[in-house]
Amino acid sequence: MTSVEGAGPLESPEPVDLDNCDREPIHVPGSVQPHGVLLAVRDDDDLTVARVSGNVADALGRPAARVLGRPLREMAGRSATKTLLDVVRTAFDLREASPVDLTLGDGEDVRRYDALLHRVGDLIVIELQPARGARPLSYAGTYARTRQSVLRLNGSRSLDELYGVVVEEVRRLTGFDRVMVYRFDAEWNGEVVAEAKLDRLNSFRGLHYPATDIPAQARALYERSWLRLIPDVDYRAVPVVPAFDADTGEPLDLSDAWLRSVSPMHVEYLRNMGVTASMSISLLRDGRLWGLIACHHYSGPHEPGYEVCAAAEFLGHLFSLRLVSREDEQTVASSLASRRVLDQLVAAAQRDGASIAASLTTGSPNLLDLIGGGGALVAVDGEYRTIGEVPPREVARRVFDTLGSQESILAHDSVPVDLPDLADYRDIACGMLAFRFSRDEGVAWFRPEALRTVDWGGDPHNAKIIAAEGDEVRLSPRRSFDRWREVVRDRAQPWSAHERALAEELRQALTRAAYRQARQSADLTRLMQESLLPERLWTIPGFEIEAWYDPAAAGRVGGDWYDAVPLPDGRVAVVVGDVAGHGVAAAGTMAQLRGALRAYAVALDPKAPDEPSPPPARRLLDQLDRLVATLLPEAIATVVVAIVEPATGLAQIASAGHPPPLWLAAAGAGAAVVDIDAAPPVGVVDLPAPAPATGPVTTLRLAPGDTLVLFSDGLTERRGEAPDVGIERLRTRAARTAPTAPALRDLGDELFDGCRDPDSDDDATLLLLRRRPATQVDRASPDR
């Protein structure tokens, strides 16, 4: 491929160097690499050409000036254009439909291309890559090419073996001189955990690289596009023509482009490493970047064919899946062991007459068996006990004072840096994990300083050098990548997410135990109720969701709860429930029902047909009813479940004896009580197993701006009033308030304060779910 003489990429508004490269707009470089041709066409019947790369003549035989504004068929021919149109009109995702096998030219001048398609706004971007080998590409062909690799990946028995297999197989497949697995840590520093290379090359395995080597906007593009190829770092960029859209004045977004030009900082970085060609395959876990398969070449340009790249990307997908599977296996084994210890500790703390502090610090197991450390302490109910090495008691009190909320977990692995007042105790308390469940009560673990040796690929503290450019100077990437050893101080072994989760579970369990031993304490009573409710509700795309809760008078614990639980198929179950009764028993039952309903929700099979079995909302209530009938025969609860489909606003609502929801139309167009025939409350009717549907389901569609109002009877009922009176009061106030309170939080505050009886002996819950208007959805979900 050739480039246009004298042309170059877009001029940056400021010179790019290492001080500002994290702000460089790398998704709009204004140019492409020259190993292919780019066209951007309008989504019309003619596929009218709107933008091209300056080397378009290589594929279409005409310069840019004779291509722009013309129907594509005039240059590519009717057959090729029809092929593209068929894909554009039928494919749900153009990227998934790529590559398209495309033939251009006629007679002896017949050229085959892999056409890679994706959408950018109202344009369709077509990237033409010269085809090599048999076409069209197929899944079977890709699998045949990678069959050996797949068998080896499937047969790996450990993470280290998995890493080793994937670098060997990707190198065998692509022919790069060096292939590495590059893993990110929590601060986005990278480490080479495996490599396969030519024997003459020095090893990079075990080297670390600072987070600045791959800035945030580059990591975002790696999450978006799984494969990135640079066949020749010394390429000459080919400009996109015209550089700016005539209507919007914006450059073409090349985030998803195969040919997207490379940041000059990255090119210089590769050159400083002696790299002449590179390829990267993204490794994702739960949609987030975990690491990269990084491929380097040192002996000139290197361009694997698209079919080889597709096979390598397939291996990257498979490796990501196997990686998650192996890590989950290790996590599950560790979690089961931790769960046994946690259950034993909680059981000991909950025994009648038991000392919570003694239960956690004496005998076996103890706090250090649950979460490893150098020492731990417990302060509860006037007792103060320690195990192992801990700082003085007055320091521990300052630890608890540092916790701004009783619901928060304090986790530091660098106390001298994060909490300088405690730096003198780094030998025993360089790391700290703590929580409290009242003002002066809580639990804390401590870890000593752990001196750690880190081998960096070059000095991370000297990642920038001054490079002269005529009379100017700028900061450029380091030129030395020799092993540089650093001793890291003021750091303890980090607290893992699993350990923080264990601390949170123990916090909730001890809160309940402390309440049973000190039920006269109103503070502890309130804390227990709050600890059983979600700290934040699940975010539903395209929706706002807010909740309000208030306990009964005098802070008595009740049985209300609310929740939002994601289902496997992308829908979300929104729940409000109310267990009959008050006190510890009601709260305990509430916790069990909330937990069970969550488990049933996430276990719903999205492939199971709604008929003839009950619809999902009703199915959840039936399962909950069977649980109560079997394990909690004395319990009674009312529950309403709304299963919402975010993309369409479709809501499926089922009720078990609960007050009906309200439906507020957009823009204050009115409020209505949802017409729903409730089944009996959970626990009232003994259901046979398997159970039939016990009540109807109502389906409605929330239009943009519509609000669904779920509530418990503690919000509407008052002594001496019929239940319908309170519901009508809520409906009337909602209809009157909605037009003047566009913010969902303001609307909820008005409804809750205006309808709640301050002297009520029942707790009250309100949950509002609003589908965002189209303009808000656009602002909340920008095109990345």
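Only a predicted model underlies this, so the values are computations on that prediction, with no experimental measurement involved. (Residues numbered from 1 in each chain as written. Predicted model: local features only at pLDDT ≥ 70, side-chain atom pairs only at ≥ 80, totals over all residues. Heavy atoms only, no water.)

Draft legend 1. Spotlight on the overall build of the protein. If you tally the helices and strands in the protein, you get 22 helices and 32 strands. Looking at the protein residue by residue over its 784 residues, the buried ones come to 53%. Excluding contacts between residues fewer than 6 apart, the proportion of contacts in the protein whose partners are at least 24 apart in sequence is 67%. (Helix = DSSP H or I, 4+ residues; strand = E, 2+ residues; numbered from the N terminus. Buried < 20%, exposed > 50% of the residue type's maximum accessible area, 1.4 Å probe, protein only. Contact = heavy atoms within 4.5 Å.)

Draft legend 2. Geometry of the pairing of strand β25 (residues 572-579). The buried fraction of β25 amounts to 8 of the 8 residues, a majority that puts the element mostly inside the structure. Taking every second residue as pointing to the same face, both faces of β25 are buried, with V572, V574, V576 and D578 on one and A573, V575, G577 and V579 on the other. Bridge count between strand β24 (residues 560-566) and β25: 7 bridges; the pairing is antiparallel. Note on β25: the bridge partner recorded for D563 is V575. Counting the residues between successive antiparallel strands, the hairpin from β24 to β25 contains 5 residues, one of them, G570, with a positive phi of roughly 100°. Sheet topology note: the β25/strand β26 (residues 637-644) ladder contains 8 bridges and is antiparallel. When the sheet's bridge partners are listed, D578 is paired in β26 with T638. (Pairing = 2+ DSSP bridges.)

Draft legend 3. Expanded view of the sheet that holds strand β11 (residues 238-241). Taken in spatial order, the 7 strands make up an open sheet running β1-β11-β3-β2-β6-β5-β4, and their pairing is antiparallel. Each having just a single partner strand, β1 (31-32) and β4 (100-104) make up the two edges of the open sheet. Across 2 bridges, strand β3 (residues 49-53) lies against β11 in antiparallel orientation. Across the sheet, residue V52 finds its bridge partner in β11, namely V241. Set on the sheet, helix α3 (residues 78-90) makes contact with β4, β5 (111-120) and β6 (123-130); between it and β4 the angle comes to about 160°. (Axes fitted to C-alpha atoms, helices over the stretch in contact; angles between N-to-C directions.)

Draft legend 4. Inspection of the sheet that holds β24 at higher detail. Taken in spatial order, the 5 strands make up an open sheet running β24-β25-β26-β27-β30, and their pairing is antiparallel. The outermost strands of the open sheet, each flanked by one partner alone, are β24 and β30 (698-701). The mean inter-strand angle of the sheet, taken between neighbouring strand axes irrespective of direction, is 15°. The sheet contacts of helix α18 (residues 616-631) involve β25, β26 and β27 (650-656), and relative to β27 the element is tilted by about 25°.

Draft legend 5. Looking closely at the environment of I26. Turning to its location among the elements, I26 is positioned in the segment before β1. When its relative accessible area of 12% is taken as the criterion, I26 is described as buried. Apart from the residues within four sequence positions on either side, I26 is in contact with Q217, A218, L221, R260 and S263.

Draft legend 6. Seen up close, the pattern of salt bridges. By the definition in use, this model includes 32 salt bridges. Close ionic contact of R89 with D43 constitutes a salt bridge, the shortest N to O distance being 2.7 Å. Here R89, found in helix α3, pairs with D43, found in the loop between β2 (37-42) and β3; they are 46 residues apart in sequence, far enough to count as distant. Overall, the relative accessible area of 42% leaves R89 in the partly exposed class. (Salt bridge = Lys/Arg side-chain N within 4 Å of Asp/Glu carboxyl O.)

Draft legend 7. Focus on the side chain of S261. Relative to the helices and strands, S261 is located in the loop between β11 and α8 (264-272). Judged by its relative accessible area of 4%, S261 is buried. Side-chain polar atoms of S261 contact the side chain of S31, separated by 3.1 Å. Setting aside residues up to four positions removed in sequence, S261 forms contacts with P29, S31, V32, Q33, R228, Y235 and A237. (Polar contact = N/O pair within 3.5 Å; in protein donor to acceptor, adjacent residues only side chain to side chain.)

Draft legend 8. Representation of the pairing of strand β7 (residues 178-184). Extensive coverage of β7 is indicated by the burial of 6 of its 7 residues. Of the pairings in the sheet, the one linking β7 to strand β8 (residues 190-197) comprises 7 bridges and is antiparallel in character. Its bridge partner lying in β8, Y182 is registered against V192. Counted between consecutive antiparallel strands, the loop separating β7 from β8 contains 5 residues, among which W188 sits at a positive phi close to 70°. Two elements, β7 and strand β13 (residues 288-297), share 6 bridges in a ladder whose sense is antiparallel. When the sheet's bridge partners are listed, M180 is paired in β13 with A294.

Draft legend 9. Highlighting helix α12 (residues 393-402). Residues of α12 that are buried: V395, A396, V399 and F400. What you see down the axis of α12 is that its buried residues fit within an arc of 145°, all on one side. (Arc of directions from axis to C-beta.)

Draft legend 10. Focus on the packing of aromatic side chains. Counted by the stated rule, this structure contains 7 aromatic pairs. A centroid spacing of 6.0 Å and a plane angle of 45° characterise the contact between Y182 and Y209, whose relative ring orientation is tilted. With a gap of 27 residues between them, Y182 in strand β7 and Y209 in strand β9 (residues 208-209) connect regions that are remote in the sequence. Ring centres of F435 and W445 lie 6.2 Å apart, and the angle between their planes is 50°; on these two criteria the pair is classed as tilted. A residue pair is termed long-range when its members are at least 10 positions apart, and F435 in strand β17 (residues 431-438) and W445 in strand β18 (residues 441-447) qualify at 10 residues. (Phe/Tyr/Trp six-rings, centres within 6.5 Å; stacked < 30°, edge-to-face > 60°.)

Draft legend 11. View of the side chain of R447. As for its placement among the helices and strands, R447 is situated in strand β18. Look at R447 and you get buried, because its relative accessible area is 5%. A polar atom in the side chain of R447 sits 3.0 Å from the backbone oxygen of P494. Here E499 takes part through its side chain, which lies 2.8 Å from a polar atom of the side chain of R447.

Draft legend 12. Region of the structure containing the environment of G69. By secondary structure assignment, the location of G69 is in the loop between α1 (57-60) and α2 (73-76). Separated by 20 residues in the primary sequence, G69 and V49 place their C-alpha atoms 5.2 Å from one another. Not counting residues up to four positions away in its chain, the partners in contact with G69 are T48 and V49.

Draft legend 13. Structural detail: unusual backbone geometry. With an omega of 0°, the peptide bond running from S98 to P99 counts as cis. Among the secondary structure elements, P99 is positioned in the loop between α4 (94-97) and β4. The residue after S364, namely P365, is reached through a cis peptide bond having omega 0°. One can find P365 in the loop between α10 (356-361) and α11 (367-370). Of note, W188 is a non-glycine position whose phi angle comes to about 70°, a positive value. Tracing the sequence through the fold places W188 in the loop between β7 and β8. By relative accessible area, which is 22% here, W188 ends up partly exposed.

What is shown is where atoms sit, not what they do.
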